[in-house]
Amino acid sequence: MAARNPRKLIAGNWKMNGSRNSLAMVEALRAGAGAGGVGADLLVCPPATLIAPVAQALAGSAIAVGGQDCHALASGAYTGDLSAEMLAEAGATHVIVGHSERREHHGETDAMVRDKMRGAWRAGLVAIACVGETKAQREAGEALAVVGAQVKALLESDVGGANTAIAYEPVWAIGTGLTPTVADVAEVHRLIRATIAQAVGPETAAGVRLLYGGSVKPGNAAELMAADDVDGALVGGASLVADDFLAIARAC
Ligand code: PEP
């Protein structure tokens, strides 16, 4: 019987930022995490070109490395795409799928995201699937309906804590400095947990980590991470600065 994971997962999404110079920041992260005081699991998701060097720099540490997207298939004539198997070979153990920036700029639908989740599982990666409402949807009172439908569309009988995390990322909170109230975050996470429970049962649902993402910073991490049903954070901007990322992890 799966229980809630007692350790939070703090995942950093570097987006299209970073270069080999970022390896110095990764060293600082490794040193900071090794110095103690971090009770959370850490994951960094650099651009694909940096997965292998970052994984090398973090070898032997407790910090995991992930990709930011993958193709649903293992190989084929898909110029420019990367499969989950390729990410795994480069050293990734996780992959973000369905980030709102992919949904917006690359037209990714729930069905495409679900196929990418399957690809991640096939390659042995943990899929971090992103969901979240737009500002207009929240203002129209549709946040719960939108997120509930997104989660439902992603679920499969295979979902479990060992292969899946769900990141609730209100689109209007990403990179804006705005965040929902703690009560709003807890309400959406409760709905996500209940939706997963309907599909795979409450015991399995309890083990799926639910991350909050959207302008998480050292100053607001403690209250957001203390909200009910929040098992960690997906962090964008603040993950690019080792001290900020570590401060968020220490706030858990
Ligand atoms: C993100 O891109 O997943 C994100 C949460 O970004 P930020 O923390 O910068 O809002």
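To keep things clear, this report deals only with the structure shown in the data block. (Residues numbered from 1 in each chain as written. Predicted model: local features only at pLDDT ≥ 70, side-chain atom pairs only at ≥ 80, totals over all residues. Heavy atoms only, no water.)

**Here we look at the overall build of the chain**
Note the following rule: Comment: elements are numbered from the N terminus, with helices defined as DSSP H or I runs of at least four residues and strands as E runs of at least two. Computation of the radius of gyration draws on C-alpha atoms alone. For the globule rule, the value is 2.2 Å times the number of residues to the power 0.38. We call two residues contacting when some pair of their heavy atoms lies within 4.5 Å. Computed with the Shrake-Rupley method and a 1.4 Å probe, the accessible areas treat only the protein chains shown as cover for residues. Charged residues are defined here as Lys and Arg on the positive side and Asp and Glu on the negative side; His and the ends of the chain fall outside this count. All charge positions are set by atom: Lys at NZ, Arg at CZ, Asp at CG, Glu at CD.
Check the secondary structure of the chain and you find eleven helices and eight strands. Taking 252 residues into account, the globule formula puts the C-alpha radius of gyration at 18 Å, and the chain, at 17 Å, falls close to it. Counting only C-alpha atoms and orienting by the principal axes, one finds that the chain spans roughly 45 × 45 × 40 Å. Looking at the chain alone, contacts between residues at least 24 apart form 73% of all its contacts between residues at least 6 apart. Surface summary for the chain: the accessible area is close to 10,600 Å², and the carbon and sulfur share equals 54%. Within the chain, the 26 negative side-chain charges are centred at a point lying 2 Å from the centre of the 20 positive side-chain charges.

**Some words on the site of the ligand**
Worth spelling out the cut-off: Being near a molecule or strand, for a residue, means having at least one of its heavy atoms within 4 Å of it. Counted as a polar contact is a pair of N or O atoms within 3.5 Å, where, for protein atoms, one must be capable of donating a hydrogen and the other of accepting one, and residues adjacent in sequence contribute only when both atoms are in side chains. Note on residue classes: Ala, Val, Leu, Ile, Met, Phe, Trp, Tyr, Cys and Pro are nonpolar, Asp, Glu, Lys and Arg are charged, and everything else, Gly too, is polar.
Taken together, 14 residues are adjacent to the ligand, and Lys 15, Glu 169, Gly 175, Ser 215 and Gly 236 come closest. Contact distances for the ligand include 2.6 Å between an oxygen atom and a side-chain N or O atom of Lys 15. His 99 is positioned such that a nitrogen or oxygen atom in its side chain is 2.9 Å from an oxygen atom of the ligand. For the shell around the ligand, the class distribution of residues is four nonpolar, eight polar and two charged.

**Regarding the state of the cysteines**
Rules: In what follows, a disulfide is any cysteine sulfur pair within 2.5 Å. Relative accessibility under 20% of the residue-type maximum defines a buried residue, over 50% an exposed one, and the middle range a partly exposed one, all with a 1.4 Å probe and only protein chains included.
Going through the model one piece at a time under the given rule, you end up with zero disulfides. Cys 130 provides the cysteine sulfur closest to Cys 45, a residue in no disulfide bond, and the two sulfurs are 9.4 Å apart. Cys 70 takes part in no disulfide bond, and the closest cysteine sulfur to it belongs to Cys 45, at a distance of 12 Å. What makes Cys 70 buried here is its relative accessible area of 1%.

**Thoughts on the pattern of salt bridges**
Spelled out, the test is: When a carboxyl oxygen of Asp or Glu is within 4 Å of a side-chain nitrogen of Lys or Arg, the pair counts as a salt bridge.
According to the stated counting rule, one finds 20 salt bridges in the structure shown. The shortest N-O distance in the salt bridge between Arg 118 and Glu 156 comes to 2.8 Å. Of this pair, Arg 118 sits in helix H5 (residues 110–122) while Glu 156 sits in the loop between helix H7 (143–154) and strand S6 (164–168), and the two are 38 residues apart along the sequence. By relative accessible area, which is 39% here, Arg 118 ends up partly exposed. Residues participating in the shared-partner salt-bridge network are Arg 4, Arg 193, Asp 229 and Asp 231.

**Observations regarding the nonpolar core**
Heads up, the condition is: Nonpolar cores were defined as sets of buried Ala, Val, Leu, Ile, Met, Phe, Trp, Tyr and Cys residues, with membership established by side-chain atoms within 4.5 Å.
Within the largest apolar cluster, 65 residues are counted, with the highest numbers of intra-cluster contacts made by Ile 10, Val 54, Ile 192, Ile 196 and Tyr 212. Among the elements that take part in this core, helix H8 (residues 182–200) stands out by supplying six residues, more than any other. Ignoring anything within four residues of it in the chain, the contact list for Ile 10 reads Ala 40, Asp 41, Leu 42, Leu 43, Met 225, Gly 232, Ala 233, Val 235, Phe 245, Ile 248, Ala 249 and Cys 252. Counting eleven residues, the second largest nonpolar core, distinct from the first, contains Ala 11, Cys 45, Ala 167 and Leu 234.

**A short note on the sheet that holds S6**
Definition in use: A pair of strands is considered paired only if DSSP assigns at least 2 bridges between the two. Lines fitted to C-alpha atoms define the axes, with helix axes restricted to the stretch in contact, and inter-axis angles between N-to-C directions lie between 0 and 180 degrees.
If you walk around this closed barrel you meet the eight strands as S1-S2-S3-S4-S5-S6-S7-S8, and the pairing is parallel. The average angle at which neighbouring strand axes cross in this sheet is 25 degrees, direction not considered. Two strands pair when backbone bridges link them, and strand S4 (residues 94–97) and strand S5 (residues 126–131) are joined in this way by four bridges, in the parallel orientation. Bridge assignment links Val 97 to a residue of S5, and that residue is Ala 129. In the packing of H8 onto the sheet, the strands contacted are S5, S6 and strand S7 (209–213), and the crossing angle to S7 comes to about 150 degrees.

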